[in-house]
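Structural description and commentary
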Amino acid sequence: MSNLFFIQTLGCAKNTADSEGIEAILERAGFESAASPEDADVIIVNTCGFLQASRQESLEAMRALGQNKHDGQLLIAAGCLVSRYGQDVKHQVPSVDGVIDAGRWLAMPRFIEYLRAHEQTANGKADGETWFEEAYINLPRSQLPARSVTDYMPRHAHGPSAFLKIADGCDRPCAFCIIPAIKGGHRSKPMDDVIAEARDLVAQGVQEIVLVAQDTTAYGWDWGQRDVLATLMERMCNEVQGLNWLRLMYAYPGHVTPRLVRVMAAYPQIVHYLDIPLQHGDGRVLHRMKRPNPVATKRMLDDLRTAMPDLAIRTTFIVGFPGETEQEFEGLLDFIEEEQFDRVGIFEFSREDGTPAGAMEHQVSRQVKARRRHDAMLTQQAISLAKNRAFVGSELEVLIEGVGTIEGNAAMRDPALECGNCVSIGRSYRDAPEVDGIVIVQNELAIGKLVKVRVTSASEYDLIADPI
Ligand code: SF4
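Residues numbered from 1 in each chain as written. Predicted model: local features only at pLDDT ≥ 70, side-chain atom pairs only at ≥ 80, totals over all residues. Heavy atoms only, no water.

1. Things to note about the site of the ligand
- With respect to spatial proximity, the complete set of residues near the ligand consists of C170, R172, C174, F176, C177, I179, P180, Q214, Y252 and R291.
- Residues that form the shell around the ligand fall into these classes: 7 nonpolar, 1 polar and 2 charged. (Near = heavy atom within 4 Å. Nonpolar A, V, L, I, M, F, W, Y, C, P; charged D, E, K, R; others polar.)

2. A look at the packing of aromatic side chains
- Here the structure, examined in full by the defined rule, presents 6 aromatic pairs.
- Aromatic side chains F321 and F349 sit 5.5 Å apart centroid to centroid with 75° between the ring planes, which places their arrangement in the edge-to-face category. On the criterion of sequence distance, the pair formed by F321 in the loop between β12 (312–319) and α13 (326–339) and F349 in the loop between β13 (343–348) and α14 (366–389) is long-range, its members being 28 residues apart. With respect to class, F321 is no different from F349; both count as buried.
- Among the aromatic residues, ring-to-ring pairing joins F317, F335 and F341 into one connected group.
- Over the ring of Y250 we find K14; its NZ or CZ atom is 3.7 Å from the centre of that ring.
- The ring centre of F341 lies 6.0 Å from the NZ or CZ of R305, which sits over that ring. (Phe/Tyr/Trp six-rings, centres within 6.5 Å; stacked < 30°, edge-to-face > 60°. Helix = DSSP H or I, 4+ residues; strand = E, 2+ residues; numbered from the N terminus. Buried < 20%, exposed > 50% of the residue type's maximum accessible area, 1.4 Å probe, protein only. Lys NZ or Arg CZ within 6 Å of the ring centre and 35° of its normal.)

3. Section: the sheet that holds strand β2 (residues 32–33)
- Spatial ordering of the open sheet is given by β2-β1-β3-β4-β5, a layout of 5 strands whose pairing is parallel. Looking at strand neighbours, the two that pair on one side only are β2 and β5 (98–101), the edges of this open sheet.
- Two strands pair when backbone bridges link them, and strand β1 (residues 4–9) and strand β3 (residues 42–47) are joined in this way by 5 bridges, in the parallel orientation. Its bridge partner being in β3, I7 is matched across the sheet by I44.
- The sheet contacts of helix α1 (residues 13–28) involve β1, β2 and β3, and relative to β1 the element is tilted by about 175°.
- Relative to strand β4 (residues 74–79), helix α5 (residues 108–117) is tilted by about 140°, and along the sheet it contacts β3, β4 and β5. (Pairing = 2+ DSSP bridges. Contact = heavy atoms within 4.5 Å. Axes fitted to C-alpha atoms, helices over the stretch in contact; angles between N-to-C directions.)

4. Topic: the domain arrangement of the protein
- Per the domain assignment, the segments making up the protein are domain 1 (4–143), domain 2 (161–389) and domain 3 (395–467).
- Contact with domain 2, which involves 24 residues of that partner, is made by 23 residues of domain 3.
- Summed over both partners, the interface of domain 2 with domain 3 comes to about 1900 Å²; 53% of that surface belongs to carbon and sulfur atoms.
- Linking D436 and R314 is a salt bridge whose minimum nitrogen-to-oxygen distance equals 2.6 Å.
- Broken down by secondary-structure element, the contributors of at least two residues to the side of domain 2 that touches domain 3 are β6 (161–165), β9 (208–212), β10 (245–248), β11 (270–275), β12 and α14. (Domains from an automatic or database assignment. Buried area = accessible area lost by both parts, 1.4 Å probe. Salt bridge = Lys/Arg side-chain N within 4 Å of Asp/Glu carboxyl O.)

5. Things to note about the packing of helix α8 (residues 191–203) against helix α9 (residues 228–239)
- The interhelical angle for the contact between α8 and α9, taken along N-to-C directions, is 35°, at an axis separation of 10 Å. The handedness of the crossing between α8 and α9 is right-handed. Judged by residue contacts, M191, D192, V194, I195, A198 and R199 of α8 engage V228, T231, L232, R235, M236 and E239 from α9.
- For the contact of α8 with α9, a count of residues per class yields 7 nonpolar, 1 polar and 4 charged. (Left-handed = near helix turned anticlockwise from the far one by under 90°.)

6. Remarks on the confidence of the model for the protein
- On average, residues of the protein carry a pLDDT of 90, and 92% of them reach 70 or more.
- Within the model, pLDDT remains below 50 along residues 132–141, and this stretch shows 11 contacts once partners closer than five positions in the same chain are excluded.
- Counting interchain partners and residues more than four positions distant, the pLDDT-below-50 stretch residues 143–147 has 11 contacts. (pLDDT = per-residue confidence, 0-100.)

7. A short note on the sheet that holds β6
- Pairing is parallel across the open sheet formed by 6 strands, whose spatial order is β6-β9-β10-β11-β12-β13. Each of the sheet's edge strands pairs with one partner strand only, and the pair in question is β6 and β13. Shown here is a sheet whose adjacent strand axes are inclined to one another by a mean of 20°, direction ignored.
- For β9 and β10, the ladder comprises 4 bridges, and the chain directions are parallel. By the bridge assignment for β10, E208 is matched with W245.
- Across the face of the sheet, α14 comes into contact with β12 and β13 while running at roughly 175° to β13.

8. Here's the deal with unusual backbone geometry
- The phi angle at Q279 is positive, at roughly 70°, despite the residue not being glycine.
- If you trace the backbone, Q279 turns up in the loop between β11 and α11 (283–289).

Below you can see the structure in the form of structure tokens.
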């Protein structure tokens, strides 16, 4: 029986970090990574269960893989959809052989062994939960498999940038969010383990480490301490030799402390970038969302920008929260205009069972949500274009992540690009992986290199530059 596996990752950066953990665990157990699902003996889908749309995407992905399954091939559902719906996932996708909870993927090799040993029986008994109970029934958490998701994780780098998950779960009461129900309360990864993982990654050529969690700014709070994230970032800058870029994502507005701001401004490795989901700009809506009020948020943004005038801020907003009036929506647009964010994601409110907002009255219609999202995106697009244009003529450092050749449509979109030219694709300090813009550099450069460029033109989201 060969042991080739393939992992399909859906959802957020934290799932990407988990999938890289699953990969490392399987490789340590003698499994090998397959290039495609067809070549694999075991296919694992690391699902997302956050919103209706992401759940649908996860189910469809598994159905498609299930349809092409060949004899003896296992299809395993892991991740947040399983944490939320358990065995129901198998009822929705009968071709799934086993389901394993988001917090238990560390036992993946044993679970595969179990599935192979226990052919699926009529009542679908071959699921992670049952197996886990059978194997670990009544064992206190401290005696569960040697590691937990917040312990040191051997990592396999996939390029010059890597997400590093420093905690799991969340203690915040946001009215629209199901994550605390899926992931449980906030648990931080021990600092020495984070440092060890970062060293592992840098030793494999990683230039940029992106810190992720549900709430990175609550790091260490479960140890009864405050401001520990600042200590962690300082230690990473001092103790992880060769780390060039350290990026902070998923900060919580009420938890950004003066010391964290000072540390971000003091260390050259820490890129002047902050991802901080704010969710709305109108105080009445934020109050109903159980989120921090905008007055304190504005003060925090001012402090950040005073300490780092070139700071790039990414945030996300929800439109169509129950009861959102036109006036409150206008309040959000005014906030976006006023604060001039660099990167903004706008989401339509998704009514989630099990959340306080899911049970609220005055749900906003689909049409109104779509129109408000469109209007908010347009407002931000103009801001993003103006901010990008302000970089034309200036120098930037870019992390090269790919090379390619300009095709017809790209050249048509931007006269600065010539069809057939070899270019490199990279990101500047203003761009987080997977969610922000790119910098197209007009030359073929080495992947993984940090290069100096001069910006020659700009579009709403991307920049074009020449290497210096
Ligand atoms: S802080 Fe983020 S993960 Fe936590 S409850 Fe709020 S929205 Fe959800």
